[in-house]
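Residues per chain are reported as follows:
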Amino acid sequence: MESQKKKSSINFKRIHSNVSILSKFLLKRSGKKDGKKSIPFIQEKYIISPNVKKEHDKVYAYMAYIMRVINNHNASYYHESQSMIAELETKVDEAIKLSEFLKDKPSEISVYIPNYTKNADFENYLKSKHKLETELDDISIRQRRFEEYQNRLSKYRTKLDTLSIQIIEIYKNILVNLDIIRKTIELSEPIFGEVASNIDMRLSWYWQGVILKHPQAEMLKPTAPEPKYETYTDYLDAKKDELEKLQQRVESIYTDFKDISL
């Protein structure tokens with residue numbers, strides 16, 4: 001578990017998007033210079049500006065970086081979780097079959113009440129005598145046969161107990177993996193939001209300079225066009241949905257196990 005904790009640590013690097021007073025001055029001056037040249041300009045309803053594009057490209061590059069880091073970091077956890085889920089399912093199926101096999105086995109009362117189980121083969125077995133048992137009474141014989149029968153069943157009970165311990169351990173390990181995956185996805189959101197916010201701030205300073213000098217300032221929007229974040233948000237939604245389905249599958253399998261009367 002210790003090695004798992006070490007593997008789970010992840011750091012998202014922040015891109016350099018300076019928001020200092022000097023940056024504000026330089027971006028506003030850059031906007032003024034562009035404005036004098038009638039940049040940004042409108043082309044087919046789109047606002048075109050190399051400086052705006054440069055800031056947008058920073059966001060898009062960071063989106064690609066975050067998605068790449070999440071994929072690389074979580075890949076081994078997804079693969080390991082899928083393997084453990086398959087193993088969990090196999091062991092739960094085996095435990096259910098064993099439980100069913102043991103559930104309706106004759107109880108000790110059948111020793112004292114002949115034909116209690118309505119099972120002729122079992123009744124004949126309880127009455128059967130071995131060598132050196134001819135002097136034992138019927139109840140003593142039935143007790144001996146029943147104890148032998150219980151001893152044969154004990155290996156199945158032991159196996160079911162072992163399976164139960166393994167199932168619980170696998171289940172816990174899967175939850176650890178899924179939690180690591182979830183935290184990695186959640187960690188990226190505020191970090192990306194911070195970077196996107198910084199870029200928006202830089203664009204607003206640039207735009208303040210543009211509208212001071214641009215001859216068509218009134219025709220332009222008062223703020224720079226925002227980057228398109230759908231690639232990132234759609235990616236996160238897909239990853240969260242994938243994780244939720246895995247979680248539901250695990251809980252469904254484990255619920256089947258909990259329904260067993262151990």
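Residues numbered from 1 in each chain as written. Predicted model: local features only at pLDDT ≥ 70, side-chain atom pairs only at ≥ 80, totals over all residues. Heavy atoms only, no water.

### Topic: the overall build of the chain
Assigned secondary structure in the chain consists of 7 helices and 2 strands. Starting at the N terminus and walking to the C terminus, you meet the elements of the chain as α-α-β-β-α-α-α-α-α. Per-residue burial for the chain yields a buried fraction of 37% across its 262 residues. Long-range contacts, defined as pairs at least 24 residues apart, comprise 83% of the intrachain contacts of the chain with a sequence gap of at least 6. In the structure as shown, the chain presents an accessible area of about 16,400 Å², 53% of it carried by carbon and sulfur atoms. (Helix = DSSP H or I, 4+ residues; strand = E, 2+ residues; numbered from the N terminus. Buried < 20%, exposed > 50% of the residue type's maximum accessible area, 1.4 Å probe, protein only. Contact = heavy atoms within 4.5 Å. Areas by Shrake-Rupley, 256 points an atom, 1.4 Å probe, with all protein chains shown as cover.)

### Some words on the nonpolar core
Within the largest apolar cluster, 59 residues are counted, with the highest numbers of intra-cluster contacts made by F12, Y62, I66, L88, I174 and F192. Elements with a minimum of two residues in this core: α3 (50–103), α5 (120–127), α6 (138–213) and α7 (230–258). For this core, the element with the highest residue contribution is α6, accounting for 23 residues. When neighbours within four sequence positions are excluded, F12 is seen to be in contact with Y62, Y65, I66, V69, I70, T184, L187, S188 and I191. (Core = buried A, V, L, I, M, F, W, Y, C linked by side-chain atoms within 4.5 Å.)

### A look at the environment of S81
In this fold, S81 is placed in helix α3. Separated by 95 residues in sequence, S81 and V176 place their C-alpha atoms 9.4 Å apart. In contact with S81, not counting residues within four places along its chain, are N177 and L178.

### Things to note about helix α2 (residues 21–36)
Given 3.6 residues per turn, any residue in an α-helix points the same way as the ones three and four places further on. A rise of 1.5 Å per residue sets the reference length of α2, with its 16 residues, at 22 Å; its end C-alpha atoms lie 23 Å apart and thus fit the reference within 8%. Of all the positions in α2, only S23, L27, G31, D34 and G35 are classed as buried. For α2, the angular spread of the buried residues around the axis is 105°, confining them to a single face. In α2, the exposed positions that point more than 90 degrees away from the buried face belong to I21, L22 and K36. Where α2 is buried, its residues contact α3 and α6. Following α2 by one or two positions, S38 has its phi on the positive side, about 65°. (Expected span 1.5 Å × (residues − 1). Arc of directions from axis to C-beta.)

### Digging into unusual backbone geometry
Cis rather than trans, the peptide bond between I39 and P40 has omega equal to 0°. Within the secondary structure, P40 is located in the loop between α2 and β1 (41–43). Backbone geometry at S38 places phi at a positive 65°, although glycine is not the residue there. Among the structural elements, S38 can be located in the loop between α2 and β1.

### Observations concerning α7
Between its terminal C-alpha atoms α7 stretches 41 Å, which fits the 42 Å expected from 29 residues at 1.5 Å a residue. Buried residues belonging to α7 abut α3 and α6.

### Section: the side chain of Q247
Relative to the elements of secondary structure, Q247 occurs in helix α7. Here Q247 is in contact with L175, L178 and R182, once residues within four sequence places are set aside.

### Quick look at the environment of L203
Mapped onto the fold, L203 is located in helix α6. It is 7.3 Å that separates the C-alpha atoms of L203 and E55, two residues lying 148 residues apart in sequence.

### A closer look at the pattern of salt bridges
Tallying each qualifying case throughout the model produces 11 salt bridges. In this structure, E94 and K159 form a salt bridge, with 3.1 Å as the shortest nitrogen-oxygen distance. With E94 in helix α3 and K159 in helix α6, this residue pair connects regions lying 65 residues apart in the sequence. (Salt bridge = Lys/Arg side-chain N within 4 Å of Asp/Glu carboxyl O.)

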